[in-house]
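As a plain string of letters, each chain reads:
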Amino acid sequence: AVLVSLGMTASLATPAFAAQPVKADKDETVYIILNSDGSIQSQTVTEWLHADGSLQGVADHTTLDNIQNLKGTLAPRTENGVTYWDTDASDLWYQGSTDATPPVTAAITYTLDGKEMTAEEMAGKSGHVVITIKLTNNDPHTCTVQGKQRTIYTPFATVAAIDLPSDRFTGVKAEHGTVQTDSTNQLACFLAMPGMRESFGEALSGKLQELEDLMLDTLVVEADTTDFEAPSM
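Residues numbered from 1 in each chain as written. Predicted model: local features only at pLDDT ≥ 70, side-chain atom pairs only at ≥ 80, totals over all residues. Heavy atoms only, no water.

Student: In this structure, what is going on with the pairing of strand β12 (residues 140–145)? I would like to understand it.
Tutor: In regular strands, side chains alternate between the two faces of the sheet. Of the strand pairs in this sheet, β12 and strand β13 (residues 148–153) are connected by six bridges, and their pairing is antiparallel. Residue pairing for β13: His 141 is matched across the bridge by Ile 152. (Pairing = 2+ DSSP bridges. Helix = DSSP H or I, 4+ residues; strand = E, 2+ residues; numbered from the N terminus.)

Student: Sorry if this is basic, but what is going on with the environment of Leu 191 here?
Tutor: Examined against the element boundaries, Leu 191 turns out to sit in strand β17 (residues 185–192). Under the relative-accessibility criterion, Leu 191 is labelled partly exposed at 38%. For the pair formed by Leu 191 and Leu 219, sequence separation is 28 residues and the distance between their alpha carbons is 9.5 Å. (Buried < 20%, exposed > 50% of the residue type's maximum accessible area, 1.4 Å probe, protein only.)

Student: Help me understand the side chain of Ser 36, please; the structure alone is not making it clear to me.
Tutor: Looking at the element boundaries, Ser 36 is found in the loop between β3 (23–35) and β4 (40–50). Separated by 3.0 Å, the side chains of Ser 36 and Glu 120 make a polar contact. (Polar contact = N/O pair within 3.5 Å; in protein donor to acceptor, adjacent residues only side chain to side chain.)

Student: How should I be thinking about unusual backbone geometry in this particular structure?
Tutor: What is expected of a backbone is that most residues other than glycine have negative phi and most peptide bonds are trans. One non-glycine residue with positive phi stands out, namely Asn 66, at about 50°. Note that Asn 66 resides in strand β5 (residues 65–69). Owing to a relative accessible area of 63%, Asn 66 belongs among the exposed residues under this scheme.

Student: Looking at this structure, I do not really get the pairing of strand β11 (residues 127–137). What am I missing?
Tutor: With respect to burial, β11 is a largely interior element, eight of its 11 residues being buried. Here nine bridges tie strand β9 (residues 104–112) to β11, and the two strands are oriented antiparallel to one another. Paired with Ile 108 across the strands is Ile 133, a residue of β11. Taken together, the eight bridges between β11 and strand β18 (residues 218–225) define a ladder with antiparallel strand orientation. Of the residues in β18, the one forming a bridge with Val 130 is Glu 222.

Student: Please explain a nonpolar patch on the surface as it appears in this structure.
Tutor: Taken together, Val 159, Leu 191, Leu 211 and Leu 214 make up a surface patch of nonpolar side chains, about 290 Å² in accessible area. Note that Val 159 resides in strand β14 (residues 158–165). (Patch = residues over 30% accessible without salt bridge, like charges linked within 9 Å, V, L, I, M, F, W, Y side chains within 5 Å. Areas by Shrake-Rupley, 256 points an atom, 1.4 Å probe, with all protein chains shown as cover. Salt bridge = Lys/Arg side-chain N within 4 Å of Asp/Glu carboxyl O.)

Student: I would appreciate a short explanation of the nonpolar core in the present structure.
Tutor: Soluble, globular proteins show a tendency: their nonpolar side chains are buried together. If you look at the biggest cluster of nonpolar residues, it comprises 42 residues, and the most contacted ones within it are Tyr 110, Ile 133, Ile 162, Phe 190, Leu 219 and Phe 228. The greatest single-element share of this core, amounting to five residues, is contributed by β9. Residues within four places of Ile 162 in sequence aside, it is in contact with Ile 133, Gln 186, Leu 187, Ala 188, Phe 190, Val 221, Pro 231, Ser 232 and Met 233. (Core = buried A, V, L, I, M, F, W, Y, C linked by side-chain atoms within 4.5 Å. Contact = heavy atoms within 4.5 Å.)

Student: Just checking my understanding: could you explain the confidence of the model for the protein chain for this structure?
Tutor: Caution is warranted with low-pLDDT regions, since their predicted coordinates should not be read in detail. Confidence in the prediction of the protein chain, expressed as mean pLDDT, is 85, and 85% of residues score 70 or more. Mean pLDDT per element in the protein chain: strand β2 (residues 14–17) is the minimum at 36, and strand β10 (residues 115–117) is the maximum at 97. Contacts for the low-pLDDT stretch residues 1–21, under 50 throughout, to residues beyond four places or in other chains number 69 contacts. (pLDDT = per-residue confidence, 0-100.)

Student: Would you explain the pattern of salt bridges in this entry?
Tutor: Two side chains that carry opposite charge are able to pair once their charged atoms sit near each other. Within this structure, the stated rule accounts for five salt bridges. Here Glu 79 makes a salt bridge to Arg 77, at a shortest N to O gap of 2.7 Å. Since its relative accessible area comes to 40%, Glu 79 is described here as partly exposed. Residues Arg 168 and Glu 229 are paired through a salt bridge, measuring 3.8 Å at the closest nitrogen-oxygen approach. Pair noted here: Arg 168 is in the loop between β14 and β15 (169–174) and Glu 229 is in the segment after β18, with a separation of 61 residues, a long-range link. Among the charged side chains, a network of salt bridges with common partners joins Arg 77, Glu 79 and Asp 86.

Student: What exactly am I supposed to notice about the environment of His 50 here?
Tutor: Structurally, His 50 can be placed in strand β4. Here His 50 falls in the partly exposed class, since its relative accessible area comes to 27%. In this structure the C-alpha to C-alpha distance between His 50 and Ala 89, which are 39 residues apart in sequence, comes to 8.9 Å. Every residue in contact with His 50, bar those within four places of it in the chain, is listed here: Ala 24, Asp 25, Leu 55, Ser 90 and Asp 91. Within polar-contact distance, the side chain of His 50 engages the side chain of Asp 91 at 2.7 Å.

Spelled out as C-alpha cells, the structure:
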C-alpha cells in the first residue's frame, strides 16, 4: 500500500520538575507516519530541554522508548521511572518512540467523481478527486467558564502539506489553505488548530472571526487526475 506521511507539530511549554529550584522547559514535536487512510504506522517524538542554568538534577518525566541523544553521546539515566541527564549543559535534544495516542490524529477519505473509494481502489483511475482529512484533538479538558461547563482543548498547531505531482493532478484547490507550485509539484498547505473552534464557540465574533481559517478540524483538497496515485502528505 502507498504510505502517506503527515507531520504534526505540538509546541508545548511543560515544566520538567525536579527538586526546587532546578527546573526546565520542554518543547515537543510529534512526527507521525500514516497509512493512506490516516491510521498510524509509527510516530517519533523529539524533545528540547532547556534550563536557564544547568540541566543537572532535572527530573524529566518522559514516557518515550528507545531514547537517543540527538546532539551528543551522553546517555540518559533512569531512576524510579524518572529520566535524568547528567550534564552541566543548559540545552539538550533527544528523540524517542511511543505507541501512545498522539495529541492530534487524522482520518483520511477519498472520493472519485463523487464516489467514496480507498486510495488503493482509486490507483490509476481518472476523474475529479476530493481528499478529506479530518483532524481530532485528543487532549480535551472540562472547564467551568462563567458558570457553565465547557470542553476546552489544548491548542496544538498542526501543519499539513499534500504533494500533488503536476503530471498526475491539475486544477488543485485547497479551501482555507494555500497552493504553491513549481514545474513538477503542487503543494497544498494548511495550518490548523483542531478543537479550537469548539473551545471558543460563540466567542468567535467580531475580529476573532478572522481566526476561523486557522481553527480547522477538516482539511479538503480537490483536483482532477488522469492517473491517480495517493499523494504524500
